[in-house]
Amino acid sequence: MKLISLLFFFQINTGLSQSAPMNSAQFLSGACISCHTLDKAAPSAIPSLVGRSSESILSDMLDYASGRRAGLLMPQIAKGYSREQIEAIANYFSSLDPS
């Protein structure tokens, strides 16, 4: 019985019970979601990225990474991603339904 309980606990706490695996862009976007909410209707000083064009997100992130755009945290965050990763993140957010 202890083994069954332990296996059940492991399955729940490691995400093995998820029906669909998380893709890499969704995984990378996790850092963004901690500040940029997925809920466009939620009041926040930090705008949601859901439904924004991938070109807009890509341009902003590349500007932060290069230093063309100033910010408190975003320049450091943007520098931590490759261009391919930023493109994947931008495509992920633009693909989400804003409603």
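Our structure is the block above this text.
Each value, and the rule that gives it
- Residues numbered from 1 in each chain as written.
- Predicted model: local features only at pLDDT ≥ 70, side-chain atom pairs only at ≥ 80, totals over all residues.
- Heavy atoms only, no water.
- Helix = DSSP H or I, 4+ residues; strand = E, 2+ residues; numbered from the N terminus.
- Buried < 20%, exposed > 50% of the residue type's maximum accessible area, 1.4 Å probe, protein only.
- Contact = heavy atoms within 4.5 Å.
- Expected span 1.5 Å × (residues − 1).
- Arc of directions from axis to C-beta.

Draft legend 1. Spatial organisation of the side chain of Ser29. For Ser29, the position within the fold is in the loop between helix H2 (24-28) and helix H3 (30-33). Taking relative accessible area as the criterion, Ser29 reaches 0% and is therefore assigned buried. When residues no more than four places from it in sequence are discounted, the contact partners of Ser29 are Ile89, Tyr92 and Phe93.

Draft legend 2. Highlighting helix H6 (residues 83-95). When the terminal C-alpha atoms of H6 are compared, their 18 Å separation across 13 residues agrees well with the 18 Å that a helix rising 1.5 Å per residue should span. The set of residues buried in H6 consists of Ile86, Ile89, Ala90, Tyr92 and Phe93. The buried side chains of H6 occupy one side of the element, clustering within an arc of 160° when seen end-on. Turned more than 90 degrees away from the buried face of H6 sit Glu84 and Ser95, all of them exposed. Those residues of H6 that are buried lie in contact with H2, H3, helix H4 (54-66) and helix H5 (74-79).

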